[in-house]
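What follows is each chain in one-letter form.
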Amino acid sequence: MTIESDDAVSKRREGNQVPVIERMLDLLEIIERRPAGTSIRDLSDFLAMPRSTVYRILNTLEARQVVKRSLSGSYVLGPRLLAFAANVVNARDSDLVEIANNHLERLSQTTGEASKLSVRDGDAVLVIAVAHSSGEYGLTVRPGRQLPLHAGAASRVLLAYMDGDDIARILNGPLPRYTDKTLCDAETIGKSLAQIRRQGWALDNGEYSAGVMAVAAPIRDRNSAIVAAVSIPFLASQDETRIEKLHLAVSAAAKAISHELMTRIS
């Protein structure tokens, strides 16, 4: 959802629309902007809506897991929204997911690790397909997850092949630190991007999640444009030989997906 100002939410309630749906979306937008949770009273006061109405809407949404109530009694967004987000793909990404799914399953079965397919989503990265680990200690990955562009293997693969002006804009903007290994310096990230373009793959050494590494490789369309990245996240306890095997496996999967994408989509 696009975050609007509080005034914009109130003003947009006016118009030739279904009032109850408008009120429901207003509630969700306010809850979205308050990740720590918000109460029925706060929602009622802000939206000038009777508490009984707020309660009924929230009760309906909670039954569908669109919102959930914390132990303190405040409301936050619920897990059902993740399922919705996982299916929000454009026509190009829908074809890409269809092509990639079998390759991801094969990759995860071969390596024993989870694998995922990611695309650029504005100034972020969106996971649009996953294959779960077949190993005992494999990591869990969920579709619909949004990640930063500057931290992580798949993210930096996508960033590395973006237009130069876009790269400069991202590197000149906020570069949050997620772990003590996150690259937050524009010059250092720039050198990393150049290395990715030279070698054709990326390694995340625990930059987004502590103790979690990843390897990733780019997927190209018939015009040789980078449209996605396939990656394998894994626990950082792996030795160099194991990391090399994972890097070769993810690179081979990316090439196979690219080949099928080039031959199937006009």
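Here the structure is shown first, and the text comes after it.
Rules used throughout
- Residues numbered from 1 in each chain as written.
- Predicted model: local features only at pLDDT ≥ 70, side-chain atom pairs only at ≥ 80, totals over all residues.
- Heavy atoms only, no water.
- Phe/Tyr/Trp six-rings, centres within 6.5 Å; stacked < 30°, edge-to-face > 60°.
- Helix = DSSP H or I, 4+ residues; strand = E, 2+ residues; numbered from the N terminus.
- Buried < 20%, exposed > 50% of the residue type's maximum accessible area, 1.4 Å probe, protein only.
- Axes fitted to C-alpha atoms, helices over the stretch in contact; angles between N-to-C directions.
- Left-handed = near helix turned anticlockwise from the far one by under 90°.
- Contact = heavy atoms within 4.5 Å.
- Nonpolar A, V, L, I, M, F, W, Y, C, P; charged D, E, K, R; others polar.

**Student:** Outline the packing of aromatic side chains, listing residues and values.
**Tutor:** Given two aromatic rings, their pairing is described by the distance between the two centres and the angle made by the two planes. One pass over the structure, following the stated rule, counts one aromatic pair. A centroid spacing of 4.9 Å and a plane angle of 55 degrees characterise the contact between Y178 and Y208, whose relative ring orientation is tilted. Taken together, the residues Y178 in the loop between α8 (164-172) and α9 (186-199) and Y208 in the loop between β6 (202-205) and β7 (212-220) connect sequence positions 30 residues apart. Owing to a relative accessible area of 36%, Y178 belongs among the partly exposed residues under this scheme. Residue Y208 is classed as partly exposed on the basis of its relative accessible area of 23%.

**Student:** Break down unusual backbone geometry for me, citing the residues and quoting the values.
**Tutor:** The phi dihedral of Q65 is positive, around 65 degrees, even though this residue is not glycine. Among the secondary structure elements, Q65 is positioned in the loop between α4 (51-63) and β1 (67-69). Judged by its relative accessible area of 47%, Q65 falls in the partly exposed class. The phi dihedral of S224 is positive, around 70 degrees, even though this residue is not glycine.

**Student:** Outline the packing of helix α2 (residues 19-32) against helix α3 (residues 40-47), supporting the account with residue identities and numerical values.
**Tutor:** With their axes 11 Å apart at the nearest point, α2 and α3 run at an angle of 120 degrees to one another. For the pair α2 and α3, the sense of crossing is right-handed. Residue-level inspection shows D26, L27, I30 and I31 of α2 in contact with α3, the latter providing L43, F46 and L47. Tallied by class, residues from the contact of α2 with α3 come to six nonpolar, no polar and one charged.

**Student:** Quick rundown of helix α7 (residues 153-160)? Include the residues and the values.
**Tutor:** With eight of its eight residues buried, α7 lies for the most part within the structure. By the burial criterion, the buried members of α7 are A153, A154, S155, R156, V157, L158, L159 and A160.

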